[in-house]
Amino acid sequence: MKFICNRENISADVAEIIRAFDPRALETDGGGEVRLTFTRAENSAEILLEYYESENTPKYTFEKRVNLEHFSCPEEEKRMVKREAKVMLYDLMARIYNTVLPYGSLTGVRPTKLYREVSGAGGDAYKYFTEYLRVRRDKAELVKSVCAAQEGLISGDKRDIDLFVNIPFCTTRCSYCSFISAEIGRVKKFIPGYVELLVKEIEDARRLIAEYGYLLRAVYVGGGTPTSLEDKDFLRVMRALNGVGTEFTVEAGRPDTITYDKLKIMDDMGVTRISVNPQSLNDKTIALIGRGHTAADFYAAYDMARKFSFDVNCDLIAGLPGEEAEDFARTADGIFALRPENVTVHTLALKKGSGLKLAGYDNRASDVGAMVDYARSLAGGNGYLPYYMYRQKYMSGNLENVGYCLPGRQCVYNIDVMEECASIIACGAGGISKLYVPEENRLERLADPKGIDVYLQRGDSLAEAKRGFFPCLKG
């Protein structure tokens, strides 16, 4: 399918509607031609959407006039025109493909943030989602439930800040992964220097937080798999974070990297929350996606973690290669039977750079929706609340990722990241610091270098860059 748009600054975003119906539609010839034309008048915009199967006469035509006189800035105008165009294009694609999508014309990562913005402006967000954006009612209910579970936990205070620490190493690379991470066995020569610089960055970040008058809300150590480090290196990083006195999460993740000694280190250093992630309890699937453990390894690591007082999160993925609804149900049943404080249900996304994407895997599984629905029903039946969610491009079934928790066990850091309601100071290669500007409801970003070698070369300038990026709130 060919897509032609006369407004380049919104063309790529609007085209995501076509990819939501068929991720490969714009990469193949045939399938007709879509033409989107914007004409700007003094206080309005005319939007013309046409679909051609031949060159001469459009088979379908949609037209709309958008009143722009109430918008105070070009960005607001652009946002509204883009949203109108996406709804029109959604209606066209629904007609061409003779189907509807669970999230309608929504392509953004954070549906909950939009829902809250509409509600905050006095609008009926549920009606806006279902009637205007074409979101399916059960998905609008999910978004509404997530927002309810976040009540009282949304920050919005410019003094609030989270600390993110990135350890971009794993024992193996999962076939669905596109993160900036490296197999630790291949980069051993960089580890001592990386840990040295990371500890320095953490110490500088903690000083900045105190000197500038910020209030630390949460600490999150992710990657990669932080517990893939050797004990001595892991201990050095944990010591740099000792005594933070707040929610403190470590993404232990891989069961094969979790040992009693590492759990003891985390407990001694004040960690409050860890992840032990099976993704699937089917050994055949686990091997197929490139993880170096078994279901038995997961259960052993989980049981070991339960000897400590951590809240535990377990990740599972709907739509993994070779799995059908019954396979996913067995994993979900097994995980929820353990009653971890958090369960995160991901929908497989074919991300650029992942092994599955490069291998040409087709993730348009017909039963992935049933998998996600089963997990939601199972979570609710076991007393779990959906408390954060996000969406990604190229997700199976155009669905979502949802974090479920037992009441009162929400992870503050996850909420802050997804709702973009607090600043984040990030340490480590690929870490992105974010400055939240509440009066304008926006974020500014400052990235550490992605490559480990470049990160090590830039070491001396990292702290200085952050001190110039974050404003001092004292005096």
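Keep in mind it's a predicted model, so treat the numbers as computed, not measured.

Scoring rules and cut-offs
Going along each chain's sequence as written, the residues are numbered from 1 onward. With the structure being a predicted model, the display of local features is reserved for residues of pLDDT at least 70 and the display and counting of side-chain atom pairs for 80 or more, all residues being used for whole-chain, interface and lining totals. As a rule here, side-chain values come from all non-hydrogen atoms in the structure, and water together with hydrogens is ignored. Runs of E in the DSSP output that reach at least two residues are strands. Runs of H or I that reach at least four are helices, and both are numbered from the N terminus. Only C-alpha atoms enter the radius of gyration, while the globule expectation follows 2.2 Å times N to the 0.38, with N the number of residues. Exposure classes here rest on a 1.4 Å probe applied to the protein chains alone. A residue is buried below 20% of its type maximum, exposed above 50%, and partly exposed in between. Any two residues whose heavy atoms approach within 4.5 Å are treated as being in contact. The accessible surface values rely on the Shrake-Rupley method and a 1.4 Å probe; as for residues, cover is taken only from the protein chains in view. Lys and Arg are tallied as positive, Asp and Glu as negative. Neither His nor the chain termini are counted. A single reference atom marks each charge: NZ on Lys, CZ on Arg, CG on Asp, CD on Glu. For our purposes a nonpolar core is just a set of buried Ala, Val, Leu, Ile, Met, Phe, Trp, Tyr and Cys residues, chained together by side-chain atoms within 4.5 Å. To estimate how far a helix should extend, the number of its residues minus one is multiplied by 1.5 Å. Lines fitted to C-alpha atoms define the axes here, with helix axes fitted over just the stretch in contact, and angles between the N-to-C directions of these axes take values from 0 to 180 degrees. Any angle that falls under 35 degrees is termed roughly parallel, while one over 145 is termed roughly antiparallel, one within 65 to 115 roughly perpendicular, and all others oblique. Helix crossings get a hand from a simple test, with the near helix turned counterclockwise from the far one by less than a right angle marking a left-handed crossing and a clockwise turn marking a right-handed one. Gly is placed with the polar residues, together with every amino acid not listed as nonpolar (Ala, Val, Leu, Ile, Met, Phe, Trp, Tyr, Cys and Pro) or charged (Asp, Glu, Lys and Arg). Any two strands with at least two DSSP bridges between them are considered paired. Here a polar contact means two N or O atoms within 3.5 Å. Within protein one must be a hydrogen donor candidate and the other an acceptor candidate, and residues neighboring in sequence count only if both atoms are side-chain atoms. The term salt bridge refers to a side-chain nitrogen of Lys or Arg lying within 4 Å of a carboxyl oxygen of Asp or Glu.

Colleague: What am I meant to see in the overall build of the protein here?
Modeller: Scanning the protein from N- to C-terminus turns up 16 helices and 17 strands. In terms of overall dimensions, the protein is globule-like: its C-alpha atoms have a radius of gyration of 23 Å, near the 23 Å expected for 475 residues. Taking the principal axes of the C-alpha coordinates as reference, the protein spans close to 70 × 60 × 40 Å. Residues classed as buried in the protein amount to 54% of the 475 residues present. In the protein, the share of contacts with a sequence separation of at least 24, taken over all contacts with a separation of at least 6, comes to 72%. Carbon and sulfur atoms provide 49% of the accessible area of the protein, an area that totals close to 20500 Å². In the protein, which carries 63 positive and 68 negative side-chain charges, the distance between the mean positions of the two groups comes to 1 Å.

Colleague: Before we go on, may I ask you to explain the nonpolar core in this structure?
Modeller: Note that soluble globular proteins tend to have their nonpolar side chains buried in a common cluster. In terms of nonpolar packing, the biggest core is built from 97 residues, with Phe 129, Val 237, Met 238 and Leu 241 touching the most fellow members. Among residues more than four places away in sequence, those in contact with Leu 241 are Leu 163, Val 165, Ile 202, Arg 206, Val 219, Val 221, Phe 248 and Met 269. Counting residues in each nonpolar core, the second largest holds 30 residues, with Ala 15, Ala 25, Leu 36 and Leu 101 among its members.

Colleague: Teacher, can you tell me more about helix 5 (residues 137–149) here?
Modeller: Each α-helix winds once per 3.6 residues, and so residues spaced three or four apart point in a common direction. Spanning 13 residues, helix 5 covers 18 Å between terminal C-alpha atoms, matching the ideal 18 Å at 1.5 Å per step. The set of residues buried in helix 5 consists of Lys 139, Ala 140, Leu 142, Val 143, Val 146, Cys 147 and Ala 149.

Colleague: Where do I start with the packing of helix 5 against helix 13 (residues 368–381) in this structure?
Modeller: Two numbers describe a pair of packed helices, the interaxial angle and the distance between the axes. Interhelical geometry of helix 5 versus helix 13 gives an angle of 45° and a closest axis separation of 13 Å. By the angle between their directions, the pair helix 5 and helix 13 is classed as oblique. Read as a crossing pair, helix 5 and helix 13 show a hand that is left-handed. Contacts from Asp 138, Lys 139, Glu 141 and Leu 142 of helix 5 reach helix 13 at Val 372, Asp 373 and Arg 376. Its residues assigned to classes, the contact of helix 5 with helix 13 shows two nonpolar, no polar and five charged.

Colleague: Before we go on, may I ask you to explain the sheet that holds strand 3 (residues 44–52) in this structure?
Modeller: Pairing between sheet strands relies on hydrogen bonds along the backbone, with the strands arranged either parallel or antiparallel. Reading across from one edge, 1-2-3-4 is the order of the four strands in this open sheet, with mixed pairing throughout. The open sheet has two edge strands with one neighbour each: strand 1 (2–5) and strand 4 (60–67). Between one strand axis and the next, the sheet turns by 10° as a mean value, whatever way the strands run. In this fold helix 1 (residues 8–21) packs onto strand 1 and strand 2 (33–40), with an angle of close to 145° to the strand it touches most, strand 1. Along the sheet, helix 2 (residues 74–97) contacts strand 1, strand 2, strand 3 and strand 4; its crossing angle with strand 4, the most-contacted strand, is approximately 160°.

Colleague: Explain the pairing of strand 12 (residues 342–347) to me, please; I cannot follow it from the model alone.
Modeller: Regular strands place their side chains on alternate faces of the sheet. Of all six residues that make up strand 12, six are buried, and the element is covered over most of its length. As paired elements, strand 11 (residues 311–318) and strand 12 share six bridges and run parallel to each other. Its bridge partner being in strand 12, Cys 314 is matched across the sheet by Val 343. Where strand 12 lies against strand 14 (residues 401–405), four bridges are found, and the strand directions are antiparallel. Among the inter-strand pairings, Thr 344 is bridged to a residue of strand 14, identified as Gly 403.

Colleague: Would you mind showing me how to read the side chain of Arg 291 here?
Modeller: Positionally, Arg 291 belongs in the loop between helix 9 (283–288) and helix 10 (295–305). A polar atom in the side chain of Arg 291 sits 2.9 Å from the side chain of His 293.

Colleague: What am I meant to see in the pattern of salt bridges here?
Modeller: For side chains of opposite charge, pairing can occur when their charged atoms come near one another. All told, the structure shown has 34 salt bridges when counted by the stated rule. With a closest N to O distance of 3.2 Å, Lys 139 and Glu 400 form a salt bridge. Pair noted here: Lys 139 is in helix 5 and Glu 400 is in the loop between strand 13 (385–390) and strand 14, with a separation of 261 residues, a long-range link. Glu 400 sits in the buried class, given a relative accessible area of 2%. The salt bridge involving Lys 264 is made with Asp 268; its shortest N-O contact spans 3.0 Å. Residue Lys 264 and its partner Asp 268 are both found in helix 8 (residues 260–268); the two are separated by four residues, about one turn of the helix. Relative accessible area serves as the criterion here: at 42%, Asp 268 is assigned to the partly exposed category.

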